[in-house]
Amino acid sequence: MFAAAEHRQNWRETPLPGALLLRGFALQAEAELLAAVEAITAAAPLRHMQTPGGQRMSVALSNCGALGWVSDRAGYRYSALDPDSGRPWPALPAVLAELAGQAAAAAGFADFCPDACLVNRYVPGARMGLHQDRDERDLRQPIVSISLGLPALFLFGGLQRSERALRVPLGHGDVLVWGGPARLRYHGVLALKEGEHPRLGAQRINLTLRRAG
Ligand code: SIN
Ligand code: FE2
């Protein structure tokens, strides 16, 4: 689809039309973000959900916000309740909503007001296969994705699963926004490499903020 060389110059800022990569943007709120992840995962522990096909996901996940993304044998959906506890998900911390709003605005999406934040935890070997985010009601709203901890290679594919994906390295503090023409691009994460991050140890945490409802 894209010649890699053509894009190498640009992808630090705009990997693809409708996408913006803000390197280190989350570092301004690093301490609050790490505290928020601790509090969220204490209230709604990370767990390995099942795919509709019955496989255990290698990424452990949790949520905060009015709606949380869940997967089980019945399919993918948003749920106001944590299926493990039967309780609402922890509230979306203001620091996360603010940071996501600022990042979205920088990418040209004004007034982004997330109501769902997926917390993904990758340990070495964990990966996420190519998929589209399409369970949200209003697809005009962008996705804001914050990376913390070990670096990963994000796969930014096309509108068809078969299109060749761009590999975008995401590191601690990087924020990637995609919407508009990029909103339904397939994306995923290659298996996390072994490593030790000074703040987070042998893991990567990804916070994906969306307007789901
Ligand atoms: C996701 O697509 O839900 C996660 C992406 C990431 O971990 O960077
Ligand atoms: Fe996704």
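First things first, this report covers the structure right here in the doc. If you're wondering where the values come from, they're calculated on a predicted model, not measured in any experiment. (Residues numbered from 1 in each chain as written. Chains lettered and ligands numbered in written order. Predicted model: local features only at pLDDT ≥ 70, side-chain atom pairs only at ≥ 80, totals over all residues. Heavy atoms only, no water.)

### Quick notes on the layout of surface pockets
Phase 1: Roughly 690 Å³ of internal volume is contained in the largest pocket.
Phase 2: If you trace the largest pocket, you find 34 residues lining it, with Met 57, Trp 69, Met 128, Gly 129 and His 131 closest to the centre.
Phase 3: Broken down by secondary-structure element, the contributors of at least two residues to the lining of the largest pocket are β5 (116-122), β6 (128-131), β11 (187-189) and β12 (204-210).
Phase 4: A breakdown of the residues in the lining of the largest pocket according to their chemical character gives 13 nonpolar, twelve polar and nine charged. (1 Å grid on protein atoms, 1.4 Å probe; cavity = no way out; pocket = protein on both sides within 12 Å on 5 of 7 lines; lining within 4 Å. Points joined across faces, edges and corners; volume = space filled by probe spheres on them. Helix = DSSP H or I, 4+ residues; strand = E, 2+ residues; numbered from the N terminus. Nonpolar A, V, L, I, M, F, W, Y, C, P; charged D, E, K, R; others polar.)

### Some details on the pattern of salt bridges
As a working rule, side chains carrying opposite charge can pair if their charged atoms are close by.
Phase 1: On inspection of all chains with the given rule, the structure shows ten salt bridges.
Phase 2: Linking Arg 77 and Asp 72 is a salt bridge whose minimum nitrogen-to-oxygen distance equals 2.7 Å.
Phase 3: Residue Arg 77 is classed as partly exposed on the basis of its relative accessible area, which comes to 34%.
Phase 4: The partly exposed category is assigned to Asp 72, whose relative accessible area is 27%.
Phase 5: One salt-bridge network, held together by shared partners, links Asp 133, Glu 136, Arg 183 and Arg 210. (Salt bridge = Lys/Arg side-chain N within 4 Å of Asp/Glu carboxyl O. Buried < 20%, exposed > 50% of the residue type's maximum accessible area, 1.4 Å probe, protein only.)

### Quick look at the nonpolar core
Phase 1: Formed by 29 residues in total, the largest nonpolar core has its most connected members in Leu 33, Leu 96, Val 144, Ile 146, Leu 148, Leu 207 and Leu 209.
Phase 2: Among the elements of the structure, β1 (19-22), α2 (30-43), α3 (94-106), β5, β7 (143-149), β10 (175-178) and β12 are those that each provide at least two residues to this core.
Phase 3: Once you skip the residues sitting within four places of it in the chain, Leu 33 turns out to touch Ala 26, Leu 96, Leu 99, Ile 146, Leu 148 and Leu 207.
Phase 4: Residues Ala 126, Met 128, Ala 152 and Phe 156 belong to the second largest nonpolar core, which totals 20 residues. (Core = buried A, V, L, I, M, F, W, Y, C linked by side-chain atoms within 4.5 Å. Contact = heavy atoms within 4.5 Å.)

### Points about the sheet that holds strand β8 (residues 152-156)
Phase 1: In space, the four strands of this open sheet follow the order β6-β11-β8-β9, with antiparallel pairing throughout. Only two strands of the sheet have a single neighbouring strand rather than two, namely β6 and β9 (166-170). When the angles between neighbouring strand axes are averaged without regard to direction, this sheet yields 20 degrees.
Phase 2: One ladder, built from three bridges, connects β8 with β11; its direction is antiparallel. Counted as the bridge partner of Phe 154 is Val 189 from β11. (Pairing = 2+ DSSP bridges. Axes fitted to C-alpha atoms, helices over the stretch in contact; angles between N-to-C directions.)

### Some details on the site of ligand 1
Phase 1: Lining the immediate environment of ligand 1, one finds Leu 118, Asn 120, Tyr 122, Met 128, His 131, Ser 145, Phe 154, His 187, Val 189, Arg 204, Asn 206 and Arg 210.
Phase 2: His 131 places a polar side-chain atom, nitrogen or oxygen, 3.1 Å from an oxygen atom of ligand 1.
Phase 3: A distance of 2.9 Å is found between an oxygen atom of ligand 1 and a side-chain nitrogen or oxygen belonging to Arg 204.
Phase 4: Here ligand 1 occupies the largest pocket.
Phase 5: Counting residues per element, the ones that place at least two in the shell around ligand 1 are β5, β6, β11 and β12.
Phase 6: Classifying every residue of the shell around ligand 1 gives five nonpolar, five polar and two charged. (Near = heavy atom within 4 Å. Polar contact = N/O pair within 3.5 Å; in protein donor to acceptor, adjacent residues only side chain to side chain. Sits in = over half its atoms within 2 Å of the grid points.)

### Looking at the coordination of the iron ion (ligand 2)
Phase 1: Looking at the iron ion (ligand 2), one finds its protein donor set to be His 131 (NE2), Asp 133 (OD) and His 187 (NE2), positioned 2.1 to 2.3 Å from the metal centre.
Phase 2: What the four donor atoms of the iron ion (ligand 2) show is an angle range of 90 to 175 degrees at the metal, which sorts the shape as irregular.
Phase 3: Mapped onto the polypeptide sequence, the residues donating to the iron ion (ligand 2) form the spacing pattern H-x1-D-x53-H.
Phase 4: On the basis of relative accessible area, His 131 is assigned to the partly exposed category, the value being 21%.
Phase 5: You can call Asp 133 buried: its relative accessible area is 4%. (Donors = N, O, S within 2.8 Å, 3.2 Å for Na, K, Ca; no water. Tetrahedral: all angles 85-135°; square planar, octahedral: opposite > 155°, others 65-115°.)

### Brief notes about the environment of Leu 20
Phase 1: Within the secondary structure, Leu 20 is located in strand β1.
Phase 2: With a relative accessible area of 11%, Leu 20 lands in the buried category.
Phase 3: When the C-alpha atoms of Leu 20 and Val 144 are compared, they prove to be 9.6 Å apart, with 124 residues separating the residues in sequence.
Phase 4: Leaving out residues up to four positions away in the same chain, Leu 20 has contacts with Glu 13, Thr 14, Pro 15, Ala 106, Ala 107, Val 175, Leu 176 and Val 177.

### Side note on unusual backbone geometry
Glycine aside, residues mostly have negative phi angles, and peptide bonds mostly take the trans form.
Phase 1: Of note, Asp 111 is a non-glycine position whose phi angle comes to about 60 degrees, a positive value.
Phase 2: Turning to its location among the elements, Asp 111 is positioned in the loop between α3 and β5.
Phase 3: You can call Asp 111 exposed: its relative accessible area is 74%.

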